[in-house]
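Spelled out from the first residue to the last, the chains are:
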Amino acid sequence: MQKDEFIQLAKKYAQNKCSWGEKRAVEEFFKKLQDNSQVIPYNFTEVKRDFLLKRIKSKIGKPKNKLLHLFSRTLKIAAIVTSLLGVAFLGNYLINNGNISQFAVKGEKKTILLPDGSLVFLNSNSSISYSKNFKNKRKLKLTGEAYFEVKRNPEKPFLVETEKIKTRVLGTSFNIKAYKNRQTKVSVNTGKVEVDIKEICEKIILIKNQQLSIINASEPLLSNDNSEDFIAWTKNSIVLDNASLGETAIILENWYDIEINFAGKELQELKISGKFKDEKLINILKSIALVKQLEIEFLTENQILIRKKQQN
């Protein structure tokens, strides 16, 4: 992200005109600033640098109106800090052959502001790649899961390509889940999107609260559900709606950077529903074990075995 782009975003925040995603992105930026303040190198005297850091850190975590006041008075400071943290906005990135790759490894999530002002929330074990000329050609590739808030530009459609589909929008918000060798799912929060299923060359239009699921490309499944449930992960919530334990295990593996094994394939087919927000892994596992009469064993710190509960 460039300095002037963050300034514009900060101004929108100060004027209370941000979308939910933009608001979260700005607040995450300042949280990250607080977490990494000790490594900021800039051509200030030590006294001035310490003063700057104390001013910003003193505002983190305080009520919204105080944070807004900070933005209205310190846009210049935000610009300086942004230039220090680089072009990526809360994202790990690599540049190769003119392409930029951003990724979130297992156990983390990333917020990325693209060059056109669109926002991407990248789920764990996911990545996107796009050209450095992204402003002129808004096209990217996704592996894994991401929620997009696309800045509207009727003259330049926004394209997201995954292994199975191509999604085309002008300006909207939507979620794509496209992990390799798993079901692909698109869910629309605002506006509409056009999904092109590669294998059968079929295009399907989705509107708010519609989902398209692709397990077998020849039989895509349309559904109508509250799309907020499909982006619960962006708010650190896991929502399970009659999900199999196999699917649940993959979610937990990505979120907590662990490995889950089952003592029997039939256990992976068990279904479970529930909602967990900002919950510790052990509490989620205990809840699942209680409901399904299972035992959880930690073979190592990061390796877990799930088996049937032994009868006394």
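Predicted model only: the values in this text are computed from it and were never measured. Sequence order sets the numbering: in each chain, residues are counted from 1 along the sequence as written. The predicted origin of the model limits local features to residues at a pLDDT of at least 70 and limits the giving and counting of side-chain atom pairs to 80 or more, whereas totals for whole chains, interfaces and linings rest on all residues. The side-chain values count all of the structure's non-hydrogen atoms but skip hydrogen atoms and water molecules.

### Notes on the overall build of the protein
- For helices the rule is a DSSP run of H or I covering at least 4 residues; for strands it is a run of E covering at least 2, with both sets numbered from the N terminus onward. The helix and strand tally for the protein stands at eight helices and 19 strands.
- Each residue is assigned to one of three classes by its accessible area relative to the maximum for its type, calculated with a 1.4 Å probe on protein chains only: buried under 20%, partly exposed between the two thresholds, exposed over 50%. The 312 residues of the protein split such that 41% are buried.
- When contacts within the protein are restricted to residue pairs at least 6 apart in sequence, long-range pairs at least 24 apart make up 47% of them.
- Per-residue and other accessible areas were derived by the Shrake-Rupley procedure at a 1.4 Å probe size, with only the shown protein chains allowed to occlude residues. Total accessible area computed for the protein in this model is approximately 17,000 Å², and 48% of it derives from carbon and sulfur atoms. Should any heavy atoms of two residues lie within 4.5 Å, those residues are considered in contact.

### Quick look at the packing of helix α6 (residues 245-256) against helix α8 (residues 281-292)
- To obtain an axis, a line is fitted to C-alpha atoms, over the contacting stretch when the element is a helix, and the angle between two such axes runs from 0 to 180 degrees between their N-to-C directions. The interhelical angle for the contact between α6 and α8, taken along N-to-C directions, is 170°, at an axis separation of 12 Å. When the axis of α6 is compared with that of α8, the two are roughly antiparallel. Residue-level inspection shows Leu245, Thr248, Leu252 and Tyr256 of α6 in contact with α8, the latter providing Leu281, Ile284, Leu285 and Ile288.
- In this classification, Asp, Glu, Lys and Arg are treated as charged, Ala, Val, Leu, Ile, Met, Phe, Trp, Tyr, Cys and Pro as nonpolar, and every other residue, Gly included, as polar. Its residues assigned to classes, the contact of α6 with α8 shows seven nonpolar, one polar and no charged. In what follows, roughly perpendicular refers to angles from 65 to 115 degrees, roughly parallel to angles under 35, roughly antiparallel to angles over 145, and oblique to any angle outside these ranges.

### Notes on the pattern of salt bridges
- The term salt bridge refers to a pairing of a side-chain nitrogen on Lys or Arg with a carboxyl oxygen on Asp or Glu at a separation within 4 Å. Applying the stated criterion across every chain, the model contains eight salt bridges.
- With its nearest N and O atoms 2.8 Å apart, the salt bridge here joins lysine 198 to glutamate 161. A residue pair is termed long-range when its members are at least 10 positions apart, and lysine 198 in the loop between β11 (192-197) and β12 (202-207) and glutamate 161 in strand β7 (residues 158-161) qualify at 37 residues.
- Here the salt bridges do not stand alone but share partners, grouping Lys139, Glu161 and Lys198 into one network.

### Details of the nonpolar core
- Here, nonpolar core means buried Ala, Val, Leu, Ile, Met, Phe, Trp, Tyr and Cys residues that are tied together by side-chain atoms lying within 4.5 Å of each other. Leu114, Ile128, Leu140, Phe148, Phe158 and Ile176 are the most contacted members of the largest nonpolar core, which has 31 residues in total.
- Counting residues per element, this core draws most heavily on strand β6 (residues 139-149), at four residues.
- Once you skip the residues sitting within four places of it in the chain, isoleucine 176 turns out to touch Leu142, Gly144, Glu145, Ala146, Phe148, Val160, Thr162, Ile165, Thr167, Lys185 and Val186.

### Observations regarding the sheet that holds strand β16 (residues 259-262)
- Here three strands make up an open sheet; going across it, the order is β16-β19-β18 and the pairing mixed. Of all the strands in the sheet, just β16 and β18 (294-298) have a single pairing partner and so form its edges. With strand direction ignored, the average angle separating the axes of adjacent strands in the sheet is 25°.
- In terms of strand pairing, β16 meets strand β19 (residues 303-308) through four bridges, oriented parallel. Bridge pairing in β19 places phenylalanine 262 opposite isoleucine 306.
- Its contacts with the sheet place α6 against β16 and β18, and it is angled at close to 160° to β16.
- Contacting β18 and β19, α8 runs over the sheet at an angle of about 150° to β18. Pairing between strands is defined by DSSP: at least two bridges between the two strands are required.

### Some words on the confidence of the model for the protein
- On a scale of 0 to 100, pLDDT captures the predictor's confidence in every residue. The predicted model of the protein averages 80 in pLDDT, with 71% of residues at 70 or higher.
- Here helix α5 (residues 75-85) stands out as the least confident element of the protein, with mean pLDDT 43; β7 is the most confident, with 97.
- This stretch, residues 37-45, has a pLDDT under 50; its non-local contacts, to residues over four places away or in other chains, come to 13 contacts.
- Within the model, the stretch residues 70-90 combines pLDDT values under 50 with 52 contacts to residues more than four positions away or in other chains.

### Some points on α6
- In a helix, the anticipated span is given by 1.5 Å times the number of residues less one. Here α6 is 12 residues long and its end C-alpha atoms lie 16 Å apart, about the 16 Å a rise of 1.5 Å per residue gives.
- Taken residue by residue, α6 has Leu245, Gly246, Thr248, Ala249, Leu252, Glu253, Asn254 and Trp255 as its buried positions.
- Against the buried residues of α6 lie β15 (237-244), β16, α7 (265-268), β17 (271-277), α8 and β18.
- Following α6 by one or two positions, aspartate 257 adopts a phi angle in the positive range, close to 55°.

### Some details on unusual backbone geometry
- Although it is not a glycine, asparagine 236 sits at a positive phi angle of roughly 60°.
- Relative to the helices and strands, asparagine 236 resides in the loop between β14 (221-224) and β15.
- You will see that aspartate 257, though not glycine, has its phi angle at about 55°, which is positive.
- Considering the arrangement of structural elements, one finds aspartate 257 in the loop between α6 and β16.
- Using a relative accessible area of 43% as the deciding quantity, one classes aspartate 257 as partly exposed.

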